[in-house]
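Residues per chain are reported as follows:
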Amino acid sequence: MTMTMPPRLRRLVLTTHVISSVGWLGAAAAYLVLAVDVLASRDAQTVRAAVLVMELIAWFVIIPMALASLLTGIVQSLGTTWGLFRHYWVVYKLLLNAFAIFLLLEYTTSLSQLAGIAAKTTLSNAELSQLKDPGHIVHSGGGLLLLLVATVLAVYKPRGMTRYGQRKQHEQRAKRPTQRPATAPR
Amino acid sequence: MADRRRYPDTHDDIAVGPDRESITGAPRWAKIFGITLAIVVGLFVILRFTVFAGM
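Residues numbered from 1 in each chain as written. Chains lettered and ligands numbered in written order. Predicted model: local features only at pLDDT ≥ 70, side-chain atom pairs only at ≥ 80, totals over all residues. Heavy atoms only, no water.

Trainee: Help me out: how do you make sense of the overall build of chain B in this one?
Mentor: Within chain B, the regular secondary structure consists of one helix and zero strands. Entry remark: accessible area of chain B is about 4,100 Å², with carbon and sulfur atoms responsible for 65%. (Helix = DSSP H or I, 4+ residues; strand = E, 2+ residues; numbered from the N terminus. Areas by Shrake-Rupley, 256 points an atom, 1.4 Å probe, with all protein chains shown as cover.)

Rendered as structure tokens:
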């Protein structure tokens, strides 16, 4: 079932989707810079500060943007004739988004534990090396890559309908009146 | 030559919807993309439950 949204609402949802997705991408890029700094820095204070800021960015910028992007993306596809499962590019974008959010939530939970360590006034060497987790770069770099791929899919919209999409298209064609009668009443 | 709009009926600037496609079966890009995505997710699951199981 596809319900077509009125143009004004569609533009509003699309604008929100673009803002949240671009915001997510930008925040992920900023996060990656901090993650590199955490791993590269030898100064304990810098590492602690960066981890604390990373936690804040993750919980209050990246996760809200990611959830908004997923939600508006679903609304946008269900509210237009694109549908959610009719075109491969839409399905893949949804999968990428869902996968990225799953990883993000899992990672951010562990990040909060690290932030708890970083908030201590003094750190042992073991704790400092715990903060310098290479997972910071793996997660933010991987997430950034997924978002770039999703952006390319959204812009290029490569052709290809799923079987479900083809079936729906046939159904719609069958429902549509084929010809206008030659002697139509005026 | 002007660039032909990919989905002519869509008013693509606001992503209203596609035109009528008549492609049967998954296109090559979709197959390659799907396989790549499956490999990435599979690798993640394997790593998650082996190498990073204790983390």
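Trainee: Help me out: how do you make sense of unusual backbone geometry in this one?
Mentor: The phi torsion of most residues other than glycine is negative, and most of the peptide bonds are trans. We note that Lys157 of chain A has phi near 40°; this positive angle belongs to a residue other than glycine. Summarising the element assignment, Lys157 of chain A is placed in the loop between α5 (135–156) and α6 (163–175).

Trainee: Explain the confidence of the model for chain B to me, please; I cannot follow it from the model alone.
Mentor: Caution applies to low-pLDDT regions: their predicted coordinates should not be interpreted in detail. All names here are of chain B. For chain B, mean pLDDT is 70; residues scoring 70 or higher make up 47% of the total. Predicted confidence is poor over residues 1–5, with pLDDT under 50, and the contacts of this stretch with residues over four places away or in other chains come to two contacts. At the level of chain-chain contacts, confidence expressed as ipTM amounts to 0.75, with global pTM at 0.82. (pLDDT = per-residue confidence, 0-100. Contact = heavy atoms within 4.5 Å.)

Trainee: Sorry, what's going on with the nonpolar core here?
Mentor: Generally speaking, nonpolar side chains in soluble globular proteins are found buried as a group. Residues and elements named next belong to chain A. Within the largest apolar cluster, 45 residues are counted, with the highest numbers of intra-cluster contacts made by Tyr31 and Met54. Here this core gets 16 residues from one element, more than from any other, and that element is helix α3 (residues 88–118). Non-local contacts of Met54, meaning those with residues more than four positions away in its chain, are made with Tyr31, Leu34, Ala35, Val38, Tyr107, Leu111 and His136. (Core = buried A, V, L, I, M, F, W, Y, C linked by side-chain atoms within 4.5 Å. Buried < 20%, exposed > 50% of the residue type's maximum accessible area, 1.4 Å probe, protein only.)

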